[in-house]
Amino acid sequence: MKRLLVKSSFQKALDRPLFAANYLKGKVRANLGYKLGRGYALLPGRVFFALTGRCNLRCQMCPQTNHPSFRQEIVRKGEADIKGLQKMIDDISPFRPILMVSGGELFLHPSWFDFLSYIKAKGLYCSIGTNGTFLERDASELVRIGVDEISVSIDGPESIHDEIRGLPGTYAAILRGIQHLKEEKKKGIGKPRVTIIFTISSLNFQYLPEMVEQMEALRVDTLRISHLNFLDQKDFDNHMHLFKGLFGIEQDTSWKGFVSDLHHINANPLAETIETLRSRRNGNLRITFFPDFQKEEIIQYYSHGPFYSKSFKNACLAPWDMAIVGPGGELILCPNYVIGNLCEQGFREIWNNEKARFFRKILLKMKSFPVCSRGCCFFYV
């Protein structure tokens, strides 16, 4: 494994030993399946549930805001009910993956409480992602359930965050929610860990130092600084042309919203700021970077032309490493590529079916697709 993966895995082992053990076990299985080279995958180390397509915000960098028909199509298809969701967990739990649950905004699903409770009753590691607007209301329930980790999105100081999120008062609501969560944790077993996710864009990158100061004062566990996922029109067009020829997929329901100009950033000062934060030694706040690019990579990432990482493999391992479950139970290998539905078939029956193996064989030959290097966060997992 490359240096950055080793460093990241070592830090995970120190901070979250159970998570690290499951994470590394999944990585080993994914690499073994990949190296077999026949399109088969061992059971994944992680399963990501997009519980709902609904959201109460309209964030400027969100692909669903930029491509509203995508969200409309997800909502139109409907959501699995609690019986269907519990069936999926019964099916998945024997191979003990890490479960990640998000949305849309997961707290808009009517059965979120029962679903998360069922996951933890099975003894599975559960991490959730939220925009944080419901945290104040639901903090006590999250602690009682025993959720392991919560990732909350904050995009800068109050005025900047609220402008990006499209709703005044969201920043203040998040801070109240985090404070309530900290108070509830004192009554329990110290979970969940709280990670703040700051997604870099042209709207907020200059506020990164101020953001660090504010999160230090808030005393959260981790600040994760995430690079923006985006596409230029040429990459999108090339990808859709390729997917039409290879898989017969003509209509996009996922990628169009990533075509954005929010990546127009003066990357040199951004890279300098990140280098300063990387060398930081004091303070109670742990800062991580995703992907953990080096200085020259950051500059190249936000520039025109192709991008190739020197820190990560320029090949996609995600269809061996992670299963994505859509709101209606769709099992997804790659956006726009559904291989089955967990409400209708078992996980093992779908995971290595003919359609899945065909996709992986193509990806083995090509290494990646036109949208991968900047458009997909799973390319770097």
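For the structure, check the block above.
Just so you know, these numbers come straight off a predicted model, no measurement behind them. (Residues numbered from 1 in each chain as written. Predicted model: local features only at pLDDT ≥ 70, side-chain atom pairs only at ≥ 80, totals over all residues. Heavy atoms only, no water.)

A few words now on the overall build of the protein. Along its length, the protein carries 17 helices and 10 strands. Relative to the 2.2 N^0.38 estimate, which gives 21 Å for 381 residues, the radius of gyration of the protein is 20 Å and therefore close to what a compact globule would have. The principal-axis extent of the C-alpha atoms belonging to the protein is close to 50 × 45 × 40 Å. Evaluated residue by residue, the protein yields a buried proportion of 56% over its 381 residues. If you take every contact in the protein between residues at least 6 apart in sequence, the share linking residues at least 24 apart comes to 73%. When the accessible area of the protein is evaluated, it comes to approximately 16,500 Å², of which 53% is carbon and sulfur surface. Across the protein, the centroid of the 51 positively charged side chains sits 8 Å from that of the 39 negatively charged ones. (Helix = DSSP H or I, 4+ residues; strand = E, 2+ residues; numbered from the N terminus. Rg over C-alpha atoms; globule rule 2.2 N^0.38 Å. Buried < 20%, exposed > 50% of the residue type's maximum accessible area, 1.4 Å probe, protein only. Contact = heavy atoms within 4.5 Å. Areas by Shrake-Rupley, 256 points an atom, 1.4 Å probe, with all protein chains shown as cover. Lys, Arg positive; Asp, Glu negative; His and termini not counted. Charge placed at Lys NZ, Arg CZ, Asp CG, Glu CD.)

Before going further, it helps to spend a moment on the pattern of salt bridges. In total, this model carries 15 salt bridges according to the counting rule given. Residue Arg137 is joined to Asp138 by a salt bridge in which the shortest nitrogen-to-oxygen separation is 2.7 Å. (Salt bridge = Lys/Arg side-chain N within 4 Å of Asp/Glu carboxyl O.)

With respect to burial, strand E10 (residues 337-341) is a largely interior element, four of its five residues being buried. For strand E9 (residues 330-334) and E10, the ladder comprises four bridges, and the chain directions are antiparallel. Note that in E10 the partner of Leu331 across the bridge is Gly340. Counting the residues between successive antiparallel strands, the hairpin from E9 to E10 contains two residues, one of them, Asn336, with a positive phi of roughly 80°. (Pairing = 2+ DSSP bridges.)

The packing of two helices is summarised by the inter-axis angle and the distance between the axes. Where helix H11 (residues 233-247) contacts helix H16 (residues 354-366), the two axes come as close as 12 Å, and the packing angle between them is 130°. Classed by the angle they form, the pair H11 and H16 counts as oblique. Pair H11 / H16 crosses with right-handed handedness. Residues Leu242, Phe243, Leu246 and Phe247 of H11 form the contact with H16, whose participating residues are Phe358, Phe359, Ile362 and Met366. (Axes fitted to C-alpha atoms, helices over the stretch in contact; angles between N-to-C directions. Parallel < 35°, antiparallel > 145°, perpendicular 65-115°, else oblique. Left-handed = near helix turned anticlockwise from the far one by under 90°.)

So, on to the packing of helix H9 (residues 170-185) against helix H10 (residues 208-218). The interhelical angle for the contact between H9 and H10, taken along N-to-C directions, is 30°, at an axis separation of 12 Å. Residues Tyr171, Leu175, Ile178 and Lys182 of H9 form the contact with H10, whose own contacting residues are Gln214, Met215 and Leu218. The residue makeup of the contact of H9 with H10, split by class, is five nonpolar, one polar and one charged. (Nonpolar A, V, L, I, M, F, W, Y, C, P; charged D, E, K, R; others polar.)

In this structure, Gly104 follows Gly103 across a cis peptide bond, with omega equal to 15°. Looking at the element boundaries, Gly104 is found in the loop between strand E2 (98-102) and helix H6 (112-121). The omega angle of the peptide bond from Phe290 to Pro291 is -15°, so this bond is cis rather than trans. Although it is not a glycine, Asn336 adopts a positive phi angle of roughly 80°. Inspection of the secondary structure assignment puts Asn336 in the loop between E9 and E10. Residue Lys367 is not a glycine yet carries a positive backbone phi of 75°. With respect to the helices and strands, Lys367 occurs in the loop between H16 and helix H17 (372-375).

Next up on the list: helix H4 (residues 68-77). Because an α-helix completes one turn every 3.6 residues, residues spaced three or four positions apart along the sequence face the same direction. Taken residue by residue, H4 has Phe70, Arg71 and Ile74 as its buried positions. Considered in projection along H4, the buried side chains sweep an arc of 95° and stay on one side of the axis. Across from the buried face of H4, at angles greater than 90 degrees, the exposed residues are Gln72 and Arg76. At its buried positions, H4 is contacted by helix H3 (63-66). Directly after H4, the chain includes Gly78, whose backbone phi takes a positive value near 90°. (Arc of directions from axis to C-beta.)

Once that is clear, we can look at the environment of Asn204. With respect to the helices and strands, the residue Asn204 is situated in the loop between strand E5 (193-199) and H10. Judged by relative accessible area, Asn204 falls into the buried class, the value being 0%. For Asn204 and Ala41, which are 163 residues apart along the polypeptide, the C-alpha to C-alpha distance reads 39 Å. Those residues in contact with Asn204, other than ones at most four positions away along the chain, are Asp155, Ile160, Ile164, Phe198 and Thr199. Polar side-chain contacts of Asn204 include one of 2.9 Å to the backbone oxygen of Asp155. (Polar contact = N/O pair within 3.5 Å; in protein donor to acceptor, adjacent residues only side chain to side chain.)

Moving on, we come to the pairing of strand E6 (residues 222-226). Among the five residues of E6, four are classified as buried, and the element is accordingly described as predominantly covered. Taken together, the five bridges between E5 and E6 define a ladder with parallel strand orientation. Each residue of the ladder has a partner; that of Thr199, found in E6, is Ser226. Pairing of E6 with strand E7 (residues 286-290), which is carried by five bridges, proceeds in the parallel orientation.

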